Amino acid sequence: MSGSREATGRDHDGGRAPSDGAWQTGSDPLLDGNGEGVLRQVYDAAGPYLTSLADRPVRDPASAPLLQDLAGDLPDKGEGAAAAVRRLLHVGTEAGTHSAGPRFFHFVIGGVTPAALAGDWASSLLDQNAAFRASSTFATEVETVALRWLRELFGLPEGYGGALVASATFANFTGLGAATHWWGERHGADVAANGLAGLPRMPVLSGGYVHASSRKALQMLGHGRECVEVFARDGIGRVDLAAMERRLAASNAPAVIIANAGEVNAGDFDPVADLADLAERYGAWLHVDGAFGLFAALSPRTAGLVAGIERADSIACDAHKWLNVPYESGFAFLREPARLAAAFGMPGAAYLPAPDDPRGGYALLGPESSRRARSLPIWATLAAYGRSGYQAMVERHLDLAQHLAALVDAAPELERLADVPLCIVCFRARPAGVPEEELDDLNRELGAKLLADGRVFAGTTVYGGRVALRPAIVNWRTTESDIDTFVEVVRSLIP
């Protein structure tokens, strides 16, 4: 009988076999087995795919037509889990951007460590709602431990607390949301309850390194992305401390300062300690955007770049960058963690725990309510490799960045545009005989060729008014040979 199965007999996927012995595609998920077979497909694909990452191009232009295999109308009668997953794996392993591999230097994207990948698979397997202790005591406890380990990894004081969020943008949103609540208190208002109506504009001050994710967070919070007052002393964006102090002294009102720990074009840092001094002197809130730069704290060679971070009121960071865990994973820390519940506690609902209820959880401490257990890959990778393992990885990337800088400096047709304090090398092509006014177009063309070629991946930016490449080295798989290959490809594609 169509759509029914006998109580005895098992199909290849562990489900009950249909009475006529034929596989019934498009059936209710209840009749599609327990998933063992399709999970085995993913497992069987994983080994060869991961092994291939060291040698395959980051993107294979020839694979683009495969994407059409995913298109079409929603099927009325599905093909069954085995066939659907087989098709998804075939297209994804060929036509996906292989950003988990060692030669992806675009944006700032880490790979996924073996332990983090396994932890992520476990997160999907267990399918925990990490919103409340009542929904998953296990996920709540893992997140509590993971946050403590992250705090210890970066050397933050014991009183700091936080929450895991989806990205650096949400981490900035969380820290700046708490700052907004603090700022409202200074004006005698509860902005969590009543919003911003009737209040003056919140002053937000930064140097020229302020990132678009901070602006987006302010946009979502209702302040507007253009509320940031930029104090830069040059075209690069280095902060003008004297001008910022004059603004603070003249306003005589509570303000928020954004310090940028790791600028995305060249990896430079605002002087966090100096900005902390200003915040203390004028009663301002100091928010640090440390999306990837916070990892400078892991090495004695670079720890001075984040000196003063322990005095910040809020800190944002991205785990799916240098921690090398899967997307979506970021975190925010606050010096006064109780402010998270004040800013993000949910309005009363009879079936939900209140912020002070022991059944409460991390849904009350950040922007998301129902939440995936993203703590599991973080816990797994920190448990697997520890502080020393991550220090070794960061220091290897520091060495690789210096190796890349040396190769750029030695190439007559390349020009480095900035110092290399961390893991980003900002440079451009400058072939002999090409006039200065033509170099921007040449480098735009070079960047487009790099992405179209696909052997390595790095995009362009504008640094100090000049179009440049800005490869970032944060993937645990990257080795010196990958850096050598990157430079060889870049030089071969120069127009």
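Residues numbered from 1 in each chain as written. Predicted model: local features only at pLDDT ≥ 70, side-chain atom pairs only at ≥ 80, totals over all residues. Heavy atoms only, no water.

Asks: Pulling in residues and values, what's your account of the overall build of the protein?
Replies: Looking only at helices and strands, the protein has 13 helices and 13 strands in total. Since a compact globule built from 495 residues should have a radius of gyration of about 23 Å, the 25 Å found for the protein is in line with a globular shape. For the protein, the spread of C-alpha atoms along the three principal axes comes to 85 × 70 × 45 Å. Relative to its full complement of 495 residues, the protein shows a buried share of 50%. (Helix = DSSP H or I, 4+ residues; strand = E, 2+ residues; numbered from the N terminus. Rg over C-alpha atoms; globule rule 2.2 N^0.38 Å. Buried < 20%, exposed > 50% of the residue type's maximum accessible area, 1.4 Å probe, protein only.)

Asks: Describe in detail the nonpolar core, supporting the description with residues and values.
Replies: Side chains of a nonpolar character, in soluble globular proteins, are inclined to be buried together. Counting 79 residues, the largest nonpolar core has Leu150 and Leu323 as the members making the most contacts within it. Non-local contacts of Leu150, meaning those with residues more than four positions away in its chain, are made with Leu164, Leu323, Phe331, Phe333, Ile378 and Leu382. Residues Ala405, Ala411, Leu450 and Ala458 belong to the second largest nonpolar core, which totals 26 residues. (Core = buried A, V, L, I, M, F, W, Y, C linked by side-chain atoms within 4.5 Å. Contact = heavy atoms within 4.5 Å.)

Asks: Please set out the packing of helix 8 (residues 241-251) against helix 9 (residues 272-282) residue by residue, giving values where relevant.
Replies: Remark: helix 8 packs on helix 9, axes separated minimally by 11 Å, with the N-to-C direction vectors making an angle of 15°. In terms of axis orientation, helix 8 runs roughly parallel to helix 9. Of the two elements, helix 8 crosses helix 9, and the hand of that crossing is right-handed. Together, Leu241, Met244, Glu245, Leu248 and Ala249 of helix 8 and Asp274, Leu275, Leu278, Arg281 and Tyr282 of helix 9 make up the contact between the two elements. (Axes fitted to C-alpha atoms, helices over the stretch in contact; angles between N-to-C directions. Parallel < 35°, antiparallel > 145°, perpendicular 65-115°, else oblique. Left-handed = near helix turned anticlockwise from the far one by under 90°.)

Asks: Kindly report on unusual backbone geometry, identifying the contributing residues and their values.
Replies: That bond from Tyr327 to Glu328 is cis: its omega, 0°, falls within 30 degrees of zero. Within the element layout of this structure, Glu328 appears in the loop between strand 8 (314-318) and strand 9 (330-334). We note that Phe107 has phi near 50°; this positive angle belongs to a residue other than glycine. As for its position among the elements, Phe107 is in the loop between helix 2 (81-95) and helix 3 (114-126). A positive phi angle, near 60°, is found at Asn324, a position not held by glycine.

Asks: Which residues make up the sheet that holds strand 6 (residues 256-260), and what values do they have?
Replies: Taken in spatial order, the seven strands line up as 3-9-8-7-6-4-5 in an open sheet, and their pairing is mixed. The open sheet has two edge strands, strand 3 (161-165) and strand 5 (228-230), and neither has a second partner. Between one strand and the next, the sheet's axes are offset by a mean angle of 20°, whatever the strand orientation. Where strand 4 (residues 204-206) lies against strand 6, three bridges are found, and the strand directions are parallel. Residue pairing for strand 6: Val204 is matched across the bridge by Val256. (Pairing = 2+ DSSP bridges.)

Asks: Run through helix 5 (residues 168-186), naming residues and quoting values.
Replies: For helix 5, with 19 residues, the first-to-last C-alpha span of 27 Å sits near the 27 Å given by 1.5 Å per residue. Its side-chain oxygen at 3.3 Å from the backbone nitrogen of Thr169, Ser167 defines the N-terminal cap of helix 5. Gly188, located one to two residues past helix 5, shows a positive phi value of around 75°. (Expected span 1.5 Å × (residues − 1). Polar contact = N/O pair within 3.5 Å; in protein donor to acceptor, adjacent residues only side chain to side chain.)

Asks: Would you mind going over the packing of helix 11 (residues 375-410) against helix 13 (residues 480-493) in detail, with residue names and values included?
Replies: Running from amino to carboxyl end, helix 11 crosses helix 13 at an angle of 30°, the nearest separation of the two axes being 10 Å. Taken as axis vectors, helix 11 and helix 13 run roughly parallel relative to one another. The interaxial crossing formed by helix 11 with helix 13 has right-handed handedness. Where helix 11 abuts helix 13, its residues Leu400, His403, Leu404 and Leu407 lie against Glu480, Ile483, Asp484, Phe486 and Val487. Grouping the constituent residues of the contact of helix 11 with helix 13 by class yields six nonpolar, one polar and two charged. (Nonpolar A, V, L, I, M, F, W, Y, C, P; charged D, E, K, R; others polar.)

Asks: Any chance you could break down the side chain of Ser123 for me, citing the residues and the numbers?
Replies: Tracing the backbone shows Ser123 in helix 3. On the basis of relative accessible area, Ser123 is assigned to the buried category, the value being 2%. If we ignore the near neighbours within four places in the chain, the residues touching Ser123 are Gln128, Arg372, Ala373 and Leu376.

Asks: Kindly report on the pattern of salt bridges, identifying the contributing residues and their values.
Replies: Applying the stated criterion across every chain yields a total of 27 salt bridges. The shortest N-O distance in the salt bridge between Asp482 and Arg103 comes to 2.8 Å. In this pair, Asp482 sits in helix 13 while Arg103 sits in the loop between helix 2 and helix 3, placing the two residues 379 residues apart along the sequence. Looking at Asp482, the relative accessible area reads 3%, which means it is buried. Note on Arg103: relative accessible area 16%, which makes it buried. One salt bridge connects Glu229 with Arg247, and the closest N-O pair in it is separated by 2.7 Å. With Glu229 in strand 5 and Arg247 in helix 8, this pair connects stretches of sequence that are 18 residues apart. (Salt bridge = Lys/Arg side-chain N within 4 Å of Asp/Glu carboxyl O.)

Asks: Which residues make up the packing of aromatic side chains, and what are the values?
Replies: Scanning the model with the defined rule gives eleven aromatic pairs in all. Here the aromatic cluster, defined as three or more aromatic residues joined through ring pairs, consists of Phe154, Phe295, Trp322, Phe331 and Phe333. (Phe/Tyr/Trp six-rings, centres within 6.5 Å; stacked < 30°, edge-to-face > 60°.)

Asks: Go over the pairing of strand 7 (residues 285-289) with me, naming the residues and quoting the values.
Replies: Counting buried residues in strand 7 gives five out of five residues, a clear majority hidden from the surface. Alternating positions in strand 7 separate into two faces, Trp285, His287 and Asp289 on one and Leu286 and Val288 on the other, with burial throughout. Bridge analysis of strand 6 against strand 7 gives five bridges, and the strand direction is parallel. Each bridged residue has a counterpart across the sheet, and for Val256 the counterpart in strand 7 is Trp285.

Asks: Pulling in residues and values, what's your account of the pairing of strand 13 (residues 466-469)?
Replies: Note that strand 12 (residues 460-463) and strand 13 share four bridges and pair antiparallel. Opposite Thr461, over in strand 13, you have Ala468 as the bridge partner. The antiparallel hairpin formed by strand 12 and strand 13 contains two residues in its connecting segment, where Gly464 sits at a positive phi of about 60°.

Asks: Account for helix 1 (residues 36-52), naming residues and giving values.
Replies: Spanning 17 residues, helix 1 covers 25 Å between terminal C-alpha atoms, matching the ideal 24 Å at 1.5 Å per step. Considering bend angle alone, the principal kink of helix 1 is centred on Ala46 and spans about 30°; proline Pro48 follows within four residues of it. Those residues of helix 1 that sit buried are Gly37, Val38, Gln41, Ala46, Tyr49 and Ser52. Looking at the packing, one finds that the buried side of helix 1 touches helix 2 and helix 3. (Bend = angle between axes of the 7 residues up to and from the residue.)

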